[in-house]
Amino acid sequence: MQTSRAKIQPSESKPDRVTVMTMLTRPALVKHVQFTARQLMYRGTSSSSLQVHHFFEHCEYMAERGYILVEVIRPYITRLRITPLEMEEIKNLFYPLNPPCRVRTRPMEVLCVGPSRSGTWSLRTALIHLGYVHTYHGYGVVMNPPDDKAWYLLHRQRLKHNASHPNSAQLSITAADFDRVVGHCAAMTDHAAAVFAAELIAAYPKAKVILNTRRDVRAWHRSVKNTIIVHSKDWMFWLKSFFHAELFWAQQGYYRGTLNWFYRGDFQKNSINVLMEHCERVRSLVPKDQLLEWDVEDGWEPLCKFLGKEIPDIPFPRTNDSISFFKRCEECYNAQVQKATRNMYVFFTLLLCMLTLYAVISWR
């Protein structure tokens, strides 16, 4: 007995979800229809109404010939992907963390826009000694986890602006936006200063700019690869980040966010070109009398001359080698990692108990 079905007419309204129910005849055909349905679901709105309509007509054709019984509850398939806005809501729900809301308490005087592992910690120590308190650095982000969320939001703000205004010369982040994160700082160095270099230079036009790099580019590449990249690929750290909000936003804001974006998804392949392009862009944005290209090997003299400071009678600080990097990361993340480990054990213990209880009930 054949099952009669009304023809499905295309609708002008927004596509709604459907349920495709299949009953046994030929497994290969069932799999084919299920696969086609999934394809249309994942294509979402990119699939035209006509495509979806033809798919269901094909299902009816097969049903009328006894190959397969397909019941269509609604006329169209909508995509099952979560929208970016919904994903952000989910992140904020499971990992609540309020970004800082600071105000500008002192003028921004120095921007050190070289990438990480180019003497940034030594430069920070030197600037503090010269009176630039506070000097912002990546370790400051680790010690103040809400800053990770703030940089994540600023990065998303920039990406959204660039997507909606691809040819616009106007920058999306203002001094007021930056002040909420670094309003207490007189100077900046390390990763955030490099990633947001163009926006920072525009936001603080009176600040002097230091392009801190290493003349031995290969040595810089090895340094980043053996420290930051190694830490970013620590799978246990990644796993524990799902069990603590502060670690989660460190992953989202830094490792999977601006770090990945800055090196275009592949440090090994793109880092040298990214560094060269970054340096050229900084040179094009800053007047020569306001820019110092500096290597940590240059020490105090060119730095103090550029900033108008007297040369201290102490050796230039040399800190944060590879061993110190991992030790400092361990110290900075220790509290968060311990809490994440506890939360992870509690979660898996409860999960095991629930599965055991379900198995016992099912067995009875």
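In this text, all values refer to a predicted model and were calculated from it rather than measured experimentally.

S.K.: Describe helix α15 (residues 322-363), listing the residues and the values that go with them.
M.R.: For α15, the principal kink sits at N334 and spans about 55°. When α15 is considered as a whole, its buried residues turn out to be F325, C329, C332, Y333, Q336, A340, T341 and M344.

S.K.: Explain the environment of F242 residue by residue, including any values.
M.R.: Among the structural elements, F242 can be located in the loop between α11 (235-240) and α12 (245-262). By relative accessible area, which is 32% here, F242 ends up partly exposed. Beyond its immediate chain neighbours, meaning those up to four positions away, F242 contacts Y95 and F248.

S.K.: Quick rundown of the side chain of R117? Include the residues and the values.
M.R.: Mapping R117 onto the fold places it in the loop between β3 (110-112) and α4 (120-129). The buried category is assigned to R117, whose relative accessible area is 10%. Separated by 2.9 Å, the side chains of R117 and S223 make a polar contact. What R117 contacts, discounting residues up to four positions off in sequence, is R214, W220, S223, V224, T227, I228, N320, D321, S322 and F325.

S.K.: Give a description of unusual backbone geometry that names residues and reports values.
M.R.: In this model, V133 is joined to H134 through a cis peptide bond whose omega is 5°. Mapped onto the secondary structure, H134 falls in the loop between α4 and β4 (135-136). At D190, a position not held by glycine, the phi torsion is positive, near 85°. Among the structural elements, D190 can be located in the loop between β5 (187-188) and α8 (191-195).

S.K.: Requested: an account of the pattern of salt bridges, with residues and values cited.
M.R.: Proximity of charged atoms lets side chains of opposite charge pair with each other. Following the criterion strictly, the structure yields 11 salt bridges and no others. We note a salt bridge from D147 to R102, for which the minimum N-O separation is 3.3 Å. In this pair, D147 sits in helix α6 (residues 146-164) while R102 sits in the loop between α3 (84-94) and β3, placing the two residues 45 residues apart along the sequence. Of the residues examined, R102 reaches a relative accessible area of 22% and is grouped as partly exposed. Between R283 and E280 there is a salt bridge, with the nearest N and O atoms lying 2.7 Å from each other. On the criterion of helical spacing, the pair formed by R283 and E280 is a turn pair, its members being three residues apart in helix α13 (residues 267-285). Salt bridges linked by common partners bring E88, K91 and R156 together as one network.

S.K.: Can you lay out the environment of N260 for me, pointing to particular residues and giving the numbers?
M.R.: Here N260 shows up in helix α12. Residue N260 is classed as partly exposed on the basis of its relative accessible area, which comes to 37%. As for N260 and S232, which are separated by 28 residues in sequence, their C-alpha atoms are 9.8 Å apart. What N260 contacts, discounting residues up to four positions off in sequence, is Y254, Y255 and G265.

S.K.: Could you give an account of the UniProt feature "transmembrane region" (unreviewed entry) in the protein, naming the residues involved and the relevant values?
M.R.: Under the UniProt annotation, "transmembrane region" (unreviewed entry) lies at residues 344-363. As annotated, residues 344-363 comprises 100% helix and 0% strand, and the C-alpha atoms at either end are separated by 28 Å.

S.K.: Mind laying out the sheet that holds β4, listing which residues take part and the relevant values?
M.R.: Sheet architecture is open: five strands sit in the order β4-β5-β3-β6-β7, paired in parallel fashion. Edge positions in the open sheet fall to β4 and β7 (291-294), since each of these has one partner strand only. The sheet contact formed by β4 and β5 spans two bridges and is parallel. Along β5, the bridge assignment pairs T135 with A187. In this fold α13 packs onto β6 (208-212) and β7, with an angle of close to 160° to the strand it touches most, β6. Each of β3, β6 and β7 touches helix α14 (residues 300-307); the most contacted strand, β7, lies at about 170° to it.

S.K.: Can you break down the nonpolar core residue by residue, with the values?
M.R.: Counting residues in hydrophobic clusters, the biggest one holds 56 residues, and the most contacted among them are W151, F178, V182 and M188. Excluding residues within four positions of it along the chain, W151 makes contact with Y136, V141, F178, V181, V182, M188, A192 and F196. Counting 19 residues, the second-largest nonpolar core is a separate cluster that includes A187, W294, L307 and F316.

S.K.: Kindly report on the pairing of β6, identifying the contributing residues and their values.
M.R.: The element β6 is largely enclosed, with a buried count of four among its five residues. Inspection of the sheet shows β3 paired to β6 by three bridges, in the parallel sense. When the sheet's bridge partners are listed, C112 is paired in β6 with I210. Two elements, β6 and β7, share four bridges in a ladder whose sense is parallel. Bridge pairing links V209 to L291 in β7.

What counts and how
- Residues numbered from 1 in each chain as written.
- Predicted model: local features only at pLDDT ≥ 70, side-chain atom pairs only at ≥ 80, totals over all residues.
- Heavy atoms only, no water.
- Bend = angle between axes of the 7 residues up to and from the residue.
- Helix = DSSP H or I, 4+ residues; strand = E, 2+ residues; numbered from the N terminus.
- Buried < 20%, exposed > 50% of the residue type's maximum accessible area, 1.4 Å probe, protein only.
- Contact = heavy atoms within 4.5 Å.
- Polar contact = N/O pair within 3.5 Å; in protein donor to acceptor, adjacent residues only side chain to side chain.
- Salt bridge = Lys/Arg side-chain N within 4 Å of Asp/Glu carboxyl O.
- UniProt positions renumbered as here; feature names shortened; annotations may be inferred.
- Pairing = 2+ DSSP bridges.
- Axes fitted to C-alpha atoms, helices over the stretch in contact; angles between N-to-C directions.
- Core = buried A, V, L, I, M, F, W, Y, C linked by side-chain atoms within 4.5 Å.

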